[in-house]
Amino acid sequence: MPSWGTQEVQAGRTPIPPVRYRALPLAALALAGVLTVAHTGPARTRMARLTRLIRWATLRTVRPAMIERALEAIHAIRRVGMLAPGRVACLEESSAVVLMLAAYRQRVTWCHGVAADPIRLHAWVETDGQPIAEPASTSRYTPLRTI
């Protein structure tokens, strides 16, 4: 079969692992904060508002997040995001993870990157330079902005 330089990717999401229920209220609050900031104001300044929010949250942290805590935050945000009435994709999820972990005074690195052919954008979080709860295809993205 001829190749056009693309790769098949599994459609849909992988199942979200179980999350402790006590993590869900904070995840809901973090996601609500991100969605409020994202949708309050002109659409053309949405990214600038979100990056200011992420920077503000990161300034309140004192130590790097442990991988287990970051995984718990990501899974909680994804579980809550399934119930949100609007768009909750990588940008909203990764921003909410940063906010949720900042409540514990822990930080991760927020990344926003691009991949070529076809051009795609993606946002994710890392700790110790490793993407957390991301598919291997995330390595194809070149980070354009990290916070």
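Since the model is a prediction, treat every value here as computed from it, not as a measurement.

Undergrad: I would appreciate a short explanation of the overall build of the chain in the present structure.
TA: Each helix and strand in the chain was counted, giving four helices and six strands. In the chain, the order of α-helices and β-strands from amino to carboxyl end is α-α-β-α-α-β-β-β-β-β. When its C-alpha atoms are laid out on the principal axes, the chain stretches across 50 × 35 × 30 Å. Each of the 147 residues in the chain was classed as buried or not, and the buried ones make up 41%. Considering only contacts in the chain between residues 6 or more positions apart, those separated by 24 or more positions represent 69%. Here the chain has roughly 9000 Å² of accessible surface; of this, 60% comes from carbon and sulfur atoms. With 19 positive and 9 negative side-chain charges, the chain shows a separation of 11 Å between the mean positions of the two kinds.

Undergrad: Help me out: how do you make sense of the environment of Glu72 in this one?
TA: With respect to the helices, strands and loops of the structure, Glu72 is situated in helix H3 (residues 67–81). Taking the C-alpha atoms as reference, Glu72 lies 19 Å from Ala84; in sequence the two are 12 residues apart. With residues near it in sequence (within four places) discarded, Glu72 still touches Val19, Arg20 and Ala23.

Undergrad: Any chance you could explain the packing of aromatic side chains here in plain terms?
TA: In this description, an aromatic ring pair is defined by two values, namely the gap between the centres and the angle between the planes. Applying the stated criterion across every chain, the model contains one aromatic pair. Centre to centre, the rings of Trp124 and Tyr141 are 6.2 Å apart; their planes meet at 55°, and the pair counts as tilted. Note that Trp124 is positioned in strand E4 (residues 120–127) and Tyr141 in the loop between strand E5 (130–131) and strand E6 (142–146), a separation of 17 residues in sequence. Here Trp124 and Tyr141 have matching classes, each one buried.

Undergrad: Looking at this structure, how should I read the pattern of salt bridges?
TA: Any two side chains of opposite charge can pair, given that their charged atoms come close. Going through the model one piece at a time under the given rule, you end up with four salt bridges. A salt bridge links Arg78 to Glu93, with the shortest nitrogen-to-oxygen separation between them at 3.2 Å. Linking Arg78 in helix H3 with Glu93 in helix H4 (residues 90–103), this pair joins segments that are 15 residues apart in sequence. Here the two residues Arg78 and Glu93 agree in accessibility, since each one is buried. As a salt-bridge pair, Glu134 and Arg78 come within 3.4 Å of each other at their nearest N and O atoms. Here the residue Glu134 occupies a position in the loop between E5 and E6, and Arg78 occupies one in helix H3, the gap between them amounting to 56 residues. According to the relative accessible area criterion, Arg78 is buried, its value standing at 17%. Sharing partners across several salt bridges, the network here consists of Arg78, Glu93 and Glu134.

About the cut-offs
- Within every chain, residues take consecutive numbers counted from 1 along the sequence as written.
- Per-residue local features of the predicted model are confined to residues with pLDDT of at least 70, and side-chain atom pairs are confined, for both listing and counting, to 80 or more; whole-chain, interface and lining totals are unaffected and use all residues.
- Excluding hydrogens and water, the side-chain values take into account all heavy atoms of the structure.
- Helix and strand labels come from DSSP, where a helix needs a run of H or I of at least four residues and a strand needs a run of E of at least two; each type is numbered from the N terminus.
- The rule is simple: take the accessible area with a 1.4 Å probe, protein chains only, and divide by the maximum for that residue type; under 20% is buried, over 50% is exposed, in between is partly exposed.
- The contact definition used throughout considers only heavy atoms, calling two residues in contact when any of these lie within 4.5 Å.
- With residues, only the protein chains shown are counted as cover, and all accessible areas are computed by Shrake-Rupley using a 1.4 Å probe.
- Charged residues are defined here as Lys and Arg on the positive side and Asp and Glu on the negative side; His and the ends of the chain fall outside this count.
- Charge positions are represented by NZ for Lys, CZ for Arg, CG for Asp and CD for Glu.
- The pairing test for Phe, Tyr and Trp rings, Trp by its six-membered ring, is centres within 6.5 Å, and the orientation test on the planes gives stacked under 30 degrees, edge-to-face over 60, and tilted for anything in between.
- Whenever a carboxyl oxygen of Asp or Glu lies within 4 Å of a side-chain nitrogen of Lys or Arg, that contact is scored as a salt bridge.

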